[in-house]
Amino acid sequence: MQAFTTLTAIAAPLPLANVDTDKIIPARFLKTIKRTGLGVHLFDTLRYDAAGAERADFVLNQPPYRSAEILIAHENFGCGSSREHAPWALLDFGIRCIIAPDFADIFHANCFKNGILPVRLPRAVCDALMEDARLGGNARLTIDLARQVVVRPSGEEIGFEIDPFRKHLLLNGLDDIGQTMQHVDAIDAFEAARERQQGWMPAITLG
Amino acid sequence: MPAAQPRTLFDKIWDSHVVERLEDGTCILYIDRHLVHEVTSPQAFEGLRLAGRGVRRHDATIAVADHNVPTSDRRAGIGEPESRVQVETLERNVAAFGVPYFPVLDDRQGIVHIIGPEQGISLPGMTIVCGDSHTSTHGALGALAFGIGTSEVEHVLATQTLLQKPARNMRVDVSGTLGFGCTAKDIVLAIIGRIGTAGGTGHVIEYAGEAIRALDMAGRMTVCNMSIEAGARAGLIAPDQTTFDWIAGRPFAPAGAALERAIAAWRDLPSDPGAVYDRHVALEAGAIAPMVTWGTSPEAVLPITGSVPDPDQAADEADRARLRRMLDYMGLTAGQRLEDLAVDVVFIGSCTNGRIEDIRAAAQIARGRHVAAGVRALVVPGSGLVKREAEREGLDRILTEAGFEWREAGCSMCLGMHEDKLTPGQRCASTSNRNFEGRQGPGGRTHLLSPAMAAAAAVTGRLTDVRQLG
Ligand code: SF4
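Here the structure is a predicted model, which is why all the values come from computation and not from measurement.

Some thoughts on the overall build of chain A
Stage number 1. Across its full length, chain A carries 8 helices and 8 strands.
Stage number 2. Once the C-alpha set of chain A is aligned to its principal axes, its extents read approximately 65 × 45 × 25 Å.
Stage number 3. When the 207 residues of chain A are sorted by exposure, 53% land in the buried category.
Stage number 4. Look at the contacts in chain A between residues 6 or more apart in sequence, and 63% of them connect residues 24 or more apart.
Stage number 5. By element, 51% of the accessible surface of chain A is carried by carbon and sulfur atoms, the whole surface being about 9000 Å².

In C-alpha cells:
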C-alpha cells in the first residue's frame, strides 16, 4: 500500500449528499475479478450519458479536475453496500483523499484499508474548501497527515481529527496485513497453545 | 478471591480468541474457520499475489462456488461469461494457493452457509468468517460467525486473524411455544418487525428462551441467518444437546474420544447466570402468526392475516414518503389484504431455508396438491447433499408431481443471477432473506415467508395462511 504523508493536489468539488456506493460505481461493474481498472467507471451514471459519451457538466470531465486527487463532498458519503469496489474505483481514478462532513461507516473503514484518507470536516468548512476547489488548477490544496491539517491556497490551515492507529498505518504505508504481520510471533504462540488445549479441533483436508 | 465476572456466550468466544489487544482497543482476533466463495475472493487472492504472500492455514479454510452456479444441469459448464470467469478464477486460485475446494459437480457443493454446518466444518465455540454477510447463519451452532469484506478476506488468508473491536451484547428471549403452522422463519421475521433493520446495529444478538431451545438446528440456522437483517453483526444460540447430537457423525467433526472432549469444552460456552446484556428484547412465541413481508425492507412485515399499511397514517413526512415508495414499487395499495395478493413465482431455497427440513416442510404442503395455473415454483436445495437426501426420501417426486421445478444446489433466485431471476413486476413468495428493490431481478417484487407458507402460496396462487391448509 502506498504511504500517505503529504499530498498537494487539485481538488474536485462534488456538492452532493448521500453519494452512495452505487453512484460511485454502479453494481453492474461489480462482477469483476480485479481491483484495478475500475477508474473509468467511477461515477459512471453522473459522468457519462446513455450513449456512453462524457457529460461536459460533470466535474471530473472538466480539464483541471481530470487529474484531481482530492474530492470534496457533502454528508454521508459512501453509504450503501459494503463491497470495496467503491474505494477501488476512486483509487484507480487517482483520488487519494476525500473531504466530507461525514462518511458511511463501512466505506470509511474501507478507505483506510486501501490507502485513501477520508477527512471529516464541518459542512461550512467543506463548502469553503469547495470554493477553493472551484478555482481549478490555480488552487491546490495540501493535506499534511503528520500535522493533521488541510492547507488552503491562502495558506490558512484547518486541523482535522483522525484515529491515531489509522494515521500510523497510512503514514507508513502499512496495510492491515503488514501491521498484523508485525505480531506474527504472538499469532504463532497463540496457535501453538490452542493446538495443545484443543487437540480435538479437526483439520480440513480433502483426500 | 472475587468471583469471576459472569460472561455471555459472545464474551467467552471473543475472550478465547484474542491474540493481542492493541493500544486503541482493537484486537487481533484468531479465526478458526474461513469459508471462501467466488464473489468476494478474487481480489483478495490478487492482493496476496501482488504482495508475495501465501495462505497461512490451508487446513482452516474451505472454498466453494455458490452465487454464480446455474441451478439447471451444469455438466455442460456455466453459460454466462462473467459467472464462468468468477468460478474459474476461484478454481485457479484454490489450486495455486492450496485451499481445499468442493468442485461444482461434487455432491458436497452448495451454499457456503449450508455446507459449513453440514460438513461439520463449523463447530461450537469457533470464530468463523466468510466474505458474505449471511455468515451469521453458523452462529446457530454457538459459534461467533460474521461476514467480512474483501480486504479482510485477504487479511484472514494471510494471517488467520482479523483486526476487530468487540461488539455489544444483545439478548432476544422468545418464551413459550410456537403455534400451529408457525416456524423459525416466522420467529425471526417477527423479531425484525419488532426491533427494525437497525435494531441490532453494533450488537451480537444471542437468541434464547423456550421457543428457541425447542427449535431444531435447521430452525436455529434460519433465525441466526437473518440476524444481519436486524442490523446485528452476528447471531448466536448457545450449544446444547440438540447441537451436539446434530454434530456427531458429520464428516469434519471430531469423533469418538475427541468428540467427548470437545463436548466437555462446549458445555462451558453458554452464558453465565447474571451475565449482563447491553440490550434485551422479549417476545412471546404463542403470539407469533405466520409472517410475510409486504415492503422492500425485511422490517416491513406483518402477520399473513394483516393488510397493507396506509402511508398516510405514518408518523412523519419522511416515513410517509418511504412507505409510498415501497407500496409503489411493490404494486400495492393501502388496505389491501395480504391474503388477496396473487403471486407469479415461488422460490424455496437459499441459505435461510434451503435445508432438508425446509424441503420436507414444503413437500408436506405440496403432497396431493398442485401448483396453481400460471405460477412458476422453484425448489432449490442448499447443497448437493440436501438434494440427494431429499431424493432419497422421495420429496423430489412429491414436489415435481405437484408441479414444482426441482433444481441443482446454489444461491439461485435469492439474488437473481442468470436464469433464476424475476422479470419486472413479477410478484414472488420467497423463502430467502432480502426483499430489497431488484434483489431477485430488476423490478421484481419479493415477499419473504417460511417454506410452508411459500408452498401454500404456490398451490393457491396467492399469499395464503398456511394454517388454513391444515
Ligand atoms: S443464498 Fe442468498 S443470502 Fe445466502 S449466500 Fe447465497 S446469495 Fe447470499
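Quick look at the overall build of chain B
Stage number 1. When its secondary structure is counted, chain B shows 16 helices and 19 strands.
Stage number 2. At 22 Å, chain B has a C-alpha radius of gyration in line with the 23 Å of a compact globule built from 470 residues.
Stage number 3. On the principal axes, the C-alpha backbone points of chain B span a range of 60 × 60 × 45 Å.
Stage number 4. For chain B, with 470 residues in total, the buried portion stands at 64%.
Stage number 5. Here the contacts in chain B between residues at least 6 apart in sequence split such that 76% fall between residues at least 24 apart.
Stage number 6. Counting only carbon and sulfur atoms, one obtains 50% of the accessible surface of chain B, whose full area is about 16000 Å².
Stage number 7. Distance between charge centres in chain B, computed from 47 positive and 57 negative side chains, equals 1 Å.

Details of the interface of chain B and chain A
Stage number 1. Of the residues lining the interface, 59 residues belong to chain B; the matching set on chain A comes to 38 residues.
Stage number 2. For the chain B and chain A pair, buried surface summed over both sides reaches about 4000 Å², with 60% attributable to carbon and sulfur atoms.
Stage number 3. For the pair chain B and chain A, the interface holds 7 salt bridges.
Stage number 4. A salt bridge links lysine 113 of chain A to glutamate 152 of chain B, with the nearest nitrogen and oxygen atoms 3.5 Å apart.

Examining the site of the ligand
Stage number 1. Taken together, His67, Ile111, His113, Asp132, His134, Ser350, Cys351, Cys411, Cys414, Leu415, Asn433 and Arg439 of chain B are the residues near the ligand.
Stage number 2. When its residues are assigned to classes, the shell around the ligand shows 5 nonpolar, 5 polar and 2 charged.

Notes on the pairing of strand S19 (residues 445-448) of chain B
All names here are of chain B.
Stage number 1. Covered by surrounding structure in S19 are Arg445 and His447 together with Thr446 and Leu448, the residues of both alternating faces.
Stage number 2. Bridging between strand S18 (residues 427-430) and S19 involves 4 bridges; their strand directions are parallel. Note on S19: the bridge partner recorded for arginine 427 is arginine 445.

Overview of the pattern of salt bridges
Stage number 1. The full count for this structure, using the stated rule, is 42 salt bridges over all chains.
Stage number 2. Arginine 194 of chain A serves as the salt-bridge partner of aspartate 32 of chain B, at 3.0 Å between the closest nitrogen and oxygen. Remark: arginine 194 of chain A occurs in helix H8 (residues 184-197) and aspartate 32 of chain B occurs in the loop between strand S2 (27-30) and strand S3 (33-36); the pair is interchain, linking two chains. Just as aspartate 32 of chain B is buried, arginine 194 of chain A falls in that class too.
Stage number 3. Where glutamate 229 of chain B meets arginine 434 of chain B, a salt bridge forms, and the shortest distance between an N and an O atom there is 2.5 Å. Of this pair, glutamate 229 of chain B sits in the loop between helix H8 (217-225) and strand S11 (234-236) while arginine 434 of chain B sits in the loop between S18 and S19, and the two are 205 residues apart along the sequence.
Stage number 4. Glutamate 229 of chain B gets classed as buried once you look at its relative accessible area, which sits at 4%.

Quick notes on the environment of alanine 190 of chain B
Residue and element names in this part refer to chain B.
Stage number 1. If you trace the backbone, alanine 190 turns up in helix H6 (residues 184-195).
Stage number 2. Among the residues examined, alanine 190 registers a relative accessible area of 11% and is labelled buried.
Stage number 3. Sequence separation of alanine 190 and arginine 445 is 255 residues, and the distance between their C-alpha atoms is 20 Å.
Stage number 4. Residues within four places of alanine 190 in sequence aside, it is in contact with Leu283, Ile288 and Met291.

Some words on the pairing of strand S6 (residues 141-144) of chain A
All names here are of chain A.
Stage number 1. When strand S1 (residues 6-9) meets S6, the two strands line up antiparallel, connected through 4 bridges. Bridging from a neighbouring strand, alanine 9 pairs with leucine 141 of S6.
Stage number 2. Pairing between S6 and strand S7 (residues 149-151): 3 bridges, direction antiparallel. Bridged to isoleucine 143 within S7 is valine 150.
Stage number 3. Hairpin connection between S6 and S7: a loop of 4 residues separates the two successive antiparallel strands, and glutamine 148 in this loop has a positive phi of roughly 55°.

Re the side chain of aspartate 44 of chain A
Stage number 1. Within the element layout of this structure, aspartate 44 of chain A appears in helix H2 (residues 44-47).
Stage number 2. Those residues in contact with aspartate 44 of chain A, other than ones at most four positions away along the chain, are Lys23, Ile24, Pro26, Arg28 and Phe29 of chain A.

Quick notes on the domain arrangement of chain A
Stage number 1. Looking at the assigned domains, one finds that chain A contains domain 1 (6-173) and domain 2 (175-207).
Stage number 2. For domain 1 of chain A and domain 2 of chain A, the distance between their C-alpha centres works out to 37 Å.

What about the packing of aromatic side chains?
Stage number 1. All chains considered together, the criterion is met by 8 aromatic pairs over all chains.
Stage number 2. With 5.8 Å between their ring centres and 55° between their planes, phenylalanine 43 of chain A and phenylalanine 58 of chain A make a pair best called tilted. One end of the pair, phenylalanine 43 of chain A, is in the loop between helix H1 (21-24) and H2; the other, phenylalanine 58 of chain A, is in the loop between H2 and strand S3 (70-73), with 15 residues separating them in the sequence. Exposure class is identical for phenylalanine 43 of chain A and phenylalanine 58 of chain A. Each is buried.
Stage number 3. An aromatic cluster is defined as three or more aromatic residues linked by ring pairs; in this entry it consists of Phe77, Phe103 and Phe107 of chain A.
Stage number 4. The cationic tip of arginine 250 of chain B hangs over the ring face of tryptophan 246 of chain B; the distance from NZ or CZ to the ring centre is 3.6 Å.

Observations concerning the packing of H6 of chain B against H8 of chain B
The description of two packed helices rests on the angle between their axes and on the distance between the axes.
All names here are of chain B.
Stage number 1. Relative to each other, H6 and H8 sit at 20°, their axes nearing to 8 Å. In terms of axis orientation, H6 runs roughly parallel to H8. Here H6 runs over H8; the crossing is right-handed. Between H6 and H8, the residues in contact are Ala184, Lys185 and Val188 and Gly219, Thr222 and Val223, respectively.

Points about the side chain of serine 297 of chain B
Stage number 1. Among the secondary structure elements, serine 297 of chain B is positioned in the loop between strand S13 (291-293) and strand S14 (301-303).
Stage number 2. Not counting the four nearest positions on each side in its chain, serine 297 of chain B is found in contact with Thr197, Met326 and Asn435 of chain B.

The rules behind each value
Residues numbered from 1 in each chain as written. Chains lettered and ligands numbered in written order. Predicted model: local features only at pLDDT ≥ 70, side-chain atom pairs only at ≥ 80, totals over all residues. Heavy atoms only, no water. Helix = DSSP H or I, 4+ residues; strand = E, 2+ residues; numbered from the N terminus. Buried < 20%, exposed > 50% of the residue type's maximum accessible area, 1.4 Å probe, protein only. Contact = heavy atoms within 4.5 Å. Areas by Shrake-Rupley, 256 points an atom, 1.4 Å probe, with all protein chains shown as cover. Rg over C-alpha atoms; globule rule 2.2 N^0.38 Å. Lys, Arg positive; Asp, Glu negative; His and termini not counted. Charge placed at Lys NZ, Arg CZ, Asp CG, Glu CD. Buried area = accessible area lost by both parts, 1.4 Å probe. Salt bridge = Lys/Arg side-chain N within 4 Å of Asp/Glu carboxyl O. Near = heavy atom within 4 Å. Nonpolar A, V, L, I, M, F, W, Y, C, P; charged D, E, K, R; others polar. Pairing = 2+ DSSP bridges. Domains from an automatic or database assignment. Phe/Tyr/Trp six-rings, centres within 6.5 Å; stacked < 30°, edge-to-face > 60°. Lys NZ or Arg CZ within 6 Å of the ring centre and 35° of its normal. Axes fitted to C-alpha atoms, helices over the stretch in contact; angles between N-to-C directions. Parallel < 35°, antiparallel > 145°, perpendicular 65-115°, else oblique. Left-handed = near helix turned anticlockwise from the far one by under 90°.

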